[in-house]
Amino acid sequence: LQGLKTKVLGQKVHVYGEVDSTQTIAHALVASGASEGTLVLAEAQTAGRGRMGRAWHSPAGKGIWMSLVLTPKVPVYFMPQLTLLSAVALCRAIQKVCRVDIGIKWPNDLLIKGKKVSGILLESSGEDERLKYVIAGIGISVNLKVEDYPEELRSVATSLAIESGTDIKRETLVQAFLLEFEELYALYLQEGFSPIRLLWEALSVTLKRPIRTHTPMGVIEGIADSLDDTGALTVIKGDGERIKVYSGDIELR
Ligand code: BTN
């Protein structure tokens with residue numbers, strides 16, 4: 001990554017052709033001593049992983065499929081905050097590099113005109129309430145064309161090239177992301193979640209909108225109201241009851 005302006009993130013990069021998942025590679029690299037900031041990039045993934053056991057479509061050469069090793073000295077229950085921080089960093093990087101109207105759907109999907117363009121998957125390993133390490137997996141559909149998507153994804157997924165009308169240099173976007181992430185991460189470790197929360201709220205396409213979410217207690221419908229200081233989403237139901245959503249997915253209604 002020529003000209004990268006970060007101090008730590010992405011200073012060590014492992015680039016692969018085809019892999020099963022960059023997440024798997026990053027976990028293995030940590031086991032053999034990889035340090036914070038190590039980045040794994042692949043041209044294609046044959047078994048890209050999404051959140052909640054879903055698959056992630058990762059065709060060759062068209063996207064950014066990457067995993068970043070982090071070792072924040074914070075308790076395990078801060079993970080949701082890191083998830084939201086990752087989404088803010090990625091959203092800001094995309095705004096800087098391309099002309100698209102992009103926003104965040106809670107917790108960390110990036111949407112353009114309601115369609116998903118990028119997803120983030122954080123996997124961690126912890127011990128005694130402390131995080132040992134986090135692998136931030138980031139998938140960005142950069143230069144995919146409509147025909148690169150299987151039929152069933154076309155109504156829900158899009159790419160930066162489709163939406164901006166021009167191909168984007170992947171390296172530029174990776175560098176922009178690493179720089180945004182490094183700055184926000186330093187701010188977070190110094191000042192805590194409050195500044196990140198404000199940035200997330202400003203980029204959200206979720207807040208004040210009617211949403212639906214499936215929880216172990218059943219389906220909840222209401223208006224997404226705000227983030228709390230753990231990163232949970234507060235939803236106000238029709239009867240005025242306030243419910244917190246800690247994990248899972250929401251649908252915009
Ligand atoms: C989601 O929205 O469900 C998260 C998708 C995360 C995909 C990325 S691509 C790079 C990294 N390797 C994986 O196997 N998954 C993540």
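None of these values were measured; they are calculated from a predicted model.

### A closer look at the site of the ligand
Neighbouring residues of the ligand: 21 residues in total, closest Ser21, Gly50, Gly119, Gly137 and Gly139. Where the shell around the ligand is concerned, the elements lending two or more residues are helix H1 (22-31), strand S3 (63-70), strand S6 (115-127) and strand S7 (130-141). When the residues that make up the shell around the ligand are grouped by side-chain class, the tally is 6 nonpolar, 11 polar and 4 charged.

### Comments concerning the pairing of strand S11 (residues 242-245)
The side chains of a regular strand alternate between both faces of the sheet. Note that strand S10 (residues 233-237) and S11 share 4 bridges and pair antiparallel. Its bridge partner being in S11, threonine 234 is matched across the sheet by lysine 244. Count of turn residues in the S10/S11 antiparallel hairpin: 4 residues, of which glycine 240 carries a positive phi of about 90 degrees.

### Some thoughts on the UniProt feature "binding site: biotin" (unreviewed entry) in the chain
In the UniProt entry, the feature "binding site: biotin" (unreviewed entry) is given for Gln45, Arg49, Gly50, Arg51 and Lys116. Relative to the assigned elements, glutamine 45 resides in strand S2 (residues 39-45). Once residues lying within four places of it in the same chain are set aside, the contact partners of glutamine 45 are Val19, Asp20, Ser21, Thr22, Ser58 and Trp65. If you trace the backbone, lysine 116 turns up in strand S6. Excluding its chain neighbours within four sequence positions, the residues that come into contact with lysine 116 are Asp109, Leu111, Val156 and Ala157.

### A short note on the sheet that holds S10
The strands making up a sheet associate through backbone hydrogen bonding, with each pair oriented either parallel or antiparallel. Spatial ordering of the open sheet is given by S11-S10-S9-S8-S12, a layout of 5 strands whose pairing is antiparallel. The sheet is open, and its two edges are formed by S11 and strand S12 (250-252), each paired on a single side. Sheet twist, expressed as the average angle between the axes of neighbouring strands with direction ignored, equals 45 degrees. Alignment of strand S8 (residues 210-215) against S12, held across 3 bridges, turns out to be antiparallel. Bridged to arginine 212 within S12 is glutamate 251.

### Brief notes about helix H4 (residues 170-191)
The first and last C-alpha atoms of H4 sit 31 Å apart over 22 residues, in line with the 32 Å expected at 1.5 Å per residue. Inspection of H4 places Arg170, Leu173, Val174, Gln175, Ala176, Phe177, Leu178, Leu179, Glu180, Phe181, Tyr185 and Tyr188 among the buried residues, and these make up the whole buried set. In this fold, the buried residues of H4 make contact with S3, helix H2 (79-97), S7 and helix H5 (194-203). Positive phi shows up at glycine 192, right after H4, with a value of about 85 degrees.

About the thresholds
- Residues numbered from 1 in each chain as written.
- Predicted model: local features only at pLDDT ≥ 70, side-chain atom pairs only at ≥ 80, totals over all residues.
- Near = placed C-beta within 6 Å.
- Helix = DSSP H or I, 4+ residues; strand = E, 2+ residues; numbered from the N terminus.
- Nonpolar A, V, L, I, M, F, W, Y, C, P; charged D, E, K, R; others polar.
- Pairing = 2+ DSSP bridges.
- UniProt positions renumbered as here; feature names shortened; annotations may be inferred.
- Contact = placed C-beta atoms within 7 Å.
- Axes fitted to C-alpha atoms, helices over the stretch in contact; angles between N-to-C directions.
- Expected span 1.5 Å × (residues − 1).
- Buried ≥ 20, exposed ≤ 12 C-beta atoms within 10 Å, placed from the backbone.

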